[in-house]
Amino acid sequence: MCKDGANAMGALKLLITGANGFLGRACVSAALTRGHSVRALVRSAAVFPEGVQVVQGDLAVGCDAAWLTGIDAVIHTAASVSNAPDALARDTLQATEKLIGAAVAAEQPPLMVLASSIAVYDADVSGAVDEGSPIETLIREREPYVGAKLAQEEALRASSLRGWCLRIGALYGQDERRWNAHIGFKKGAILVSLERAGDVPLVDVADAGTAMICAAETAPNDACEALNIVESALPSRAAFVASEHSGLHVPLHWRLLLPFAFLTEAMIGARAPGLLRPRILRARMQPLSYPNARAITRLGWTPQKQFLGRDL
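Quick look at the structure, then. Here the structure is a predicted model, which is why all the values come from computation and not from measurement. (Residues numbered from 1 in each chain as written. Predicted model: local features only at pLDDT ≥ 70, side-chain atom pairs only at ≥ 80, totals over all residues. Heavy atoms only, no water.)

Topic: the overall build of the protein chain
What the protein chain contains, in helices and strands, is nine helices and 14 strands. Relative to the compact-globule value of 20 Å for 312 residues, the protein chain shows a C-alpha radius of gyration of 19 Å, a close match. In the protein chain, which comprises 312 residues, the share counted as buried stands at 51%. Long-range contacts, defined as pairs at least 24 residues apart, comprise 76% of the intrachain contacts of the protein chain with a sequence gap of at least 6. Where the 30 positive side-chain charges of the protein chain centre and where its 31 negative ones centre are 4 Å apart. (Helix = DSSP H or I, 4+ residues; strand = E, 2+ residues; numbered from the N terminus. Rg over C-alpha atoms; globule rule 2.2 N^0.38 Å. Buried < 20%, exposed > 50% of the residue type's maximum accessible area, 1.4 Å probe, protein only. Contact = heavy atoms within 4.5 Å. Lys, Arg positive; Asp, Glu negative; His and termini not counted. Charge placed at Lys NZ, Arg CZ, Asp CG, Glu CD.)

Below you can see the structure in the form of structure tokens.
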């Protein structure tokens, strides 16, 4: 939940891109619950609740000015979730450039709320990762997905728009996406975990959708004000494994893999699996914590779900 909403501030007209995706649908639901009107942009025909205006198109091809007519804020979730460079170039970078260009040219440029990622922080960061922590600069040594998210943030920051960059943790639902890349290797009933300490940066998809809508209701301080969107009581890796894995468990510390990762990357470069590339291995396995206090303060947002334990 978050403060205010349409009852306090008047209903907003929102354009939600990628509205038929995992996060996009959560944003549509949160917007309707909070009394806003929704224009849902989808690439393929989709069914939404009554009252949602559906428009069909491909942002990578272009952003029709009509899609932005009368829009107060854009909730931008449309993006590739893969590490495929071609898909990221088209469906994340090109789509975002077309959208920002059209928004800048609009008669009344809308507020932009970008779904970024908690993964954009520097792989060498330690301790608590908050919004003041440095973002990654050695982009070629990280996953293509991370590079695309950083490029989205930079595109918004370089524009004349005002907006939010919500750095969202790993999304999950009640019965969806329950596993996480911050744990290690898993094949069937066999798990090789690579770290026991540190938090797993998670957030329920409904809570993430609500945060996106709360941001649309709140004036940012700059072109791309960043917030960490994770739940308040994050599970440790040890607690996560105890909850989610019942098969054979082989604990192995990630630092033992570093020599093999350096060798593998030297031999085959970016074609090496993610956990056999040193900077990706470090970024995923460092024992870190992820405070969400700034999001709670700035948006009045309180995540309602907890991966482990009782929901709020």
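Alright, that's what it looks like, and here's the rest.
A closer look at the packing of helix 7 (residues 258-268) against helix 8 (residues 278-285)
Axis separation between helix 7 and helix 8 bottoms out at 8 Å; the angle between their running directions is 140°. On the basis of the axis angle, helix 7 is oblique to helix 8. For the pair formed by helix 7 and helix 8, the contact residues are Leu258, Ala261, Phe262 and Glu265 on the first element and Pro278, Leu281 and Arg282 on the second. A breakdown of the residues in the contact of helix 7 with helix 8 according to their chemical character gives five nonpolar, no polar and two charged. (Axes fitted to C-alpha atoms, helices over the stretch in contact; angles between N-to-C directions. Parallel < 35°, antiparallel > 145°, perpendicular 65-115°, else oblique. Nonpolar A, V, L, I, M, F, W, Y, C, P; charged D, E, K, R; others polar.)

Here's the deal with the side chain of Arg298
Residue placement: Arg298 occurs in helix 9 (residues 293-299). At 2.7 Å, the side chain of Arg298 and the side chain of Glu225 are in polar contact. (Polar contact = N/O pair within 3.5 Å; in protein donor to acceptor, adjacent residues only side chain to side chain.)

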